[in-house]
Amino acid sequence: MSYTIGFQSKNQKSILATEAATANQAVAIIAALRQSADEIKFIRSPQEGEMGIEMLLLLAKEEAEEMPRRA
């Protein structure tokens, strides 16, 4: 499932967006954006629509549980 993350830098007026192929990648992008003091404006996916960070974390957890485990 793909995710679009909208964010705004503290010194910019425009909202930028980036794409992530998985929920885990989206969580990593959000963590990096938070460290750089960017404000998360939205998270959305075609399947789930708009969501909050808590929902994204839940989806990332479910995604990790569905991944085959490597020996």
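Scoring rules and cut-offs
Residues numbered from 1 in each chain as written. Predicted model: local features only at pLDDT ≥ 70, side-chain atom pairs only at ≥ 80, totals over all residues. Heavy atoms only, no water. Core = buried A, V, L, I, M, F, W, Y, C linked by side-chain atoms within 4.5 Å. Buried < 20%, exposed > 50% of the residue type's maximum accessible area, 1.4 Å probe, protein only. Helix = DSSP H or I, 4+ residues; strand = E, 2+ residues; numbered from the N terminus. Contact = heavy atoms within 4.5 Å. Polar contact = N/O pair within 3.5 Å; in protein donor to acceptor, adjacent residues only side chain to side chain. Expected span 1.5 Å × (residues − 1). Arc of directions from axis to C-beta. Pairing = 2+ DSSP bridges. Axes fitted to C-alpha atoms, helices over the stretch in contact; angles between N-to-C directions.

Quick notes on the nonpolar core
- Judged by nonpolar contacts, the single largest core of 14 residues is most densely connected at Tyr3 and Leu56.
- Listing elements by their share of this core, those giving two or more residues are strand E1 (3-8), helix H1 (23-35) and helix H2 (53-66).
- Not counting chain neighbours up to four residues away, the residues in contact with Tyr3 comprise Thr18, Glu19, Ala20, Thr22, Ala23, Ala26, Arg44, Ser45, Met51, Leu56 and Leu59.

What to know about the side chain of Gln8
- Here Gln8 is to be found in strand E1.
- Among the polar contacts listed, one links the side chain of Gln8 to the backbone oxygen of Lys13, at a separation of 2.8 Å.
- A distance of 3.2 Å separates the side chain of Gln8 from the side chain of Lys41, its partner in a polar contact.
- Residues within four places of Gln8 in sequence aside, it is in contact with Lys13, Ser14, Ile15, Asp38, Glu39 and Lys41.

As for H2
- The first and last C-alpha atoms of H2 sit 20 Å apart over 14 residues, in line with the 20 Å expected at 1.5 Å per residue.
- All of the buried residues along H2 are Ile53, Leu56, Leu59, Ala60 and Glu63. Considered in projection along H2, the buried side chains sweep an arc of 115° and stay on one side of the axis. Those residues of H2 that are exposed and aimed more than 90 degrees away from the buried face are Glu54, Lys61 and Glu65.
- Each element contacted by the buried residues of H2 is listed here: E1, H1, strand E3 (39-45) and strand E4 (49-51).

Things to note about H1
- An ideal rise of 1.5 Å per residue puts 18 Å on 13 residues; H1 measures up with 19 Å between its terminal C-alpha atoms.
- On its buried side, H1 packs onto E1, strand E2 (16-20), E3 and H2.
- Phi turns positive one or two residues past the end of H1, at Ala37, with a value near 70°.

Some details on the sheet that holds E3
- Within the open sheet, the four strands sit side by side as E2-E1-E3-E4. Their pairing is antiparallel. Where the open sheet ends on each side, the last strands, each with one partner, are E2 and E4. The sheet shows a mean angle of 30° between the axes of neighbouring strands, taken without regard to direction.
- Pairing geometry for E3 and E4, over three bridges, is antiparallel. Each bridged residue has a counterpart across the sheet, and for Arg44 the counterpart in E4 is Glu50.
- Set on the sheet, H1 makes contact with E1, E2 and E3; between it and E1 the angle comes to about 10°.
- The strands touched by H2 are E1, E3 and E4; relative to E4, the strand with the most contacts, the crossing angle is about 105°.

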